[in-house]
Amino acid sequence: MKKRQLAVTDIAISPLGLGTVKLGRDQGVKYPESFTIPDDRAAADLIALARELGINLIDTAPAYGNSEQRLGGLLQGQRQDWVICTKVGEEFEDGRSFFDFSAAHTRASIQRSLKRLRTDYLDIVLIHSDGNDSHIIEQESVIAELQRCKRDGLVRAIGMSTKTVAGGMEAAELFDVVMATYNPGYDAERPVLDCCFENDTAVLVKKAFASGHLCTQGENPAQQALDFVLAHPAVSSAIVGTINPEHLRANVEAAERALRG
């Protein structure tokens, strides 16, 4: 797949990214079918396949169980081949999430991610919103600390994984990247994408398949979803979280067809 520039940054990413929540967490997830977290061999094979298919964006988070720790080992010797996106703000312990958007927690979270991922820089770091986007942007100290981490060379691009239209539009004017929900069954956040386009802010789309629910509907729903998502000019990449190699191949083929128009 031909890489796309991440808005005004010098980062180039594939139009599909590999989401890795299923590599580290099977509690508190909202997929239509249960799944088994893949062992190291299966996970390594999946990552090798993604790389072979032209995917270079990999999405993780501290809240994804032990996803970061596993990726630290799985990506050894391949750092130059991957754009790593992780997050700050949300923690997941004992089956529940909690949030901390303080400067101290932000810095500590980034240092921990660097250690877990066995790297000395992170390509993209997003604020993992608890749903109170505007409050986080206007009242918390996380943004200022992310900016300091960027100046310190720990992070190349910063952004926010938003949950509201108002917050997403605020984020579009502040960050390099906004992650938003967008799919054929849910286009309420289209104004966020439009605002990002106007501000030269990159968009990463989460839940392009509605956490797998769209894949149970109609004829070739994955194609329909990617046709829809990748048609918006603000979208740099759609994050897909499959751990099924055949689904991954099919998703890449669908993305390539969508991009050909």
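The structure reproduced in this document is the subject of the present report. Quantities reported herein were computed from a predicted structural model and do not represent experimental measurements.

Moving on, we come to the overall build of the protein. Of the regular secondary structure elements, the protein holds ten helices and twelve strands. Computed over its C-alpha atoms, the radius of gyration of the protein comes to 17 Å, within 12% of the 18 Å expected for a compact globule of 261 residues. Its C-alpha atoms put the protein at 45 × 40 × 35 Å along the principal axes. Out of the 261 residues in the protein, the part that is buried amounts to 54%.

Trans peptide bonds make up the majority, and among non-glycine residues the majority have a negative phi. Of note, A7 is a non-glycine position whose phi angle comes to about 50 degrees, a positive value. Mapped onto the secondary structure, A7 falls in the loop between strand 1 (4-5) and strand 2 (12-13). A positive phi angle is found at K207, which is not glycine, with a value near 60 degrees. Along the polypeptide, K207 turns up in the loop between strand 11 (202-206) and helix 9 (221-230).

It is worth spelling out the environment of P184 at this point. For P184, the location among the structural elements is in the loop between strand 10 (177-181) and helix 8 (190-198). Judged by its relative accessible area of 40%, P184 falls in the partly exposed class. On a C-alpha basis, the gap between P184 and Q224 in space is 7.6 Å, while along the polypeptide they are 40 residues apart.

As a further point, take the packing of helix 7 (residues 165-172) against helix 8. Where helix 7 meets helix 8, the closest approach of the two axes is 8 Å, and the angle between their N-to-C directions is 10 degrees. With respect to helix 8, the element helix 7 is oriented roughly parallel. Touching V165, G168, M169 and A172 of helix 7 are P191, V192, C195 and C196, all from helix 8. For the contact of helix 7 with helix 8, a count of residues per class yields seven nonpolar, one polar and no charged.

A separate point is the pairing of strand 12 (residues 235-240). Sheet faces and side chains relate simply in a regular strand, where the side chains alternate between the two faces. The buried fraction of strand 12 amounts to six of the six residues, a majority that puts the element mostly inside the structure. As paired strands, strand 3 (residues 16-19) and strand 12 are joined by three bridges and run parallel to one another. When the bridges of strand 12 are listed, G17 appears paired with I239.

Take the state of the cysteines next. Tallied over the entire structure, the rule returns zero disulfides. Free of any disulfide, C195 has its nearest neighbouring cysteine sulfur in C196, separated by 6.3 Å. Judged by relative accessible area, which is 9%, C195 ranks as buried.

Contact geometry for helix 2 (residues 40-52) and helix 10 (residues 245-260): axes closest at 10 Å, N-to-C directions at 15 degrees. Between helix 2 and helix 10, the angle falls in the class roughly parallel. As helix 2 packs across helix 10, the resulting crossing turns out to be right-handed. Here L46, L49, A50 and E52 of helix 2 come into contact with helix 10, specifically with P245, L248 and R249. Across the contact of helix 2 with helix 10, the residue classes tally to five nonpolar, no polar and two charged.

Right, let's get into the nonpolar core. In globular proteins that are soluble, nonpolar side chains generally tend to be buried together. Residues L16, I55, I110, I127 and L248 are the most contacted members of the largest nonpolar core, which totals 63 residues. With residues near it in sequence (within four places) discarded, I110 still touches V88, L122, V125, L146, C149, L154 and V155. With 14 residues, the next largest nonpolar core counts L6, I13, L57 and V177 among its residues.

Counting along an α-helix, one turn takes 3.6 residues, and residues three or four places apart therefore face a common direction. In terms of residue burial, helix 9 counts as a mostly covered element, since seven of its ten residues are buried. Elements in contact with the buried residues of helix 9: strand 1, strand 3, strand 11, strand 12 and helix 10.

About the criteria used
- Residues numbered from 1 in each chain as written.
- Predicted model: local features only at pLDDT ≥ 70, side-chain atom pairs only at ≥ 80, totals over all residues.
- Heavy atoms only, no water.
- Helix = DSSP H or I, 4+ residues; strand = E, 2+ residues; numbered from the N terminus.
- Rg over C-alpha atoms; globule rule 2.2 N^0.38 Å.
- Buried < 20%, exposed > 50% of the residue type's maximum accessible area, 1.4 Å probe, protein only.
- Axes fitted to C-alpha atoms, helices over the stretch in contact; angles between N-to-C directions.
- Parallel < 35°, antiparallel > 145°, perpendicular 65-115°, else oblique.
- Contact = heavy atoms within 4.5 Å.
- Nonpolar A, V, L, I, M, F, W, Y, C, P; charged D, E, K, R; others polar.
- Pairing = 2+ DSSP bridges.
- Disulfide = S-S within 2.5 Å.
- Left-handed = near helix turned anticlockwise from the far one by under 90°.
- Core = buried A, V, L, I, M, F, W, Y, C linked by side-chain atoms within 4.5 Å.

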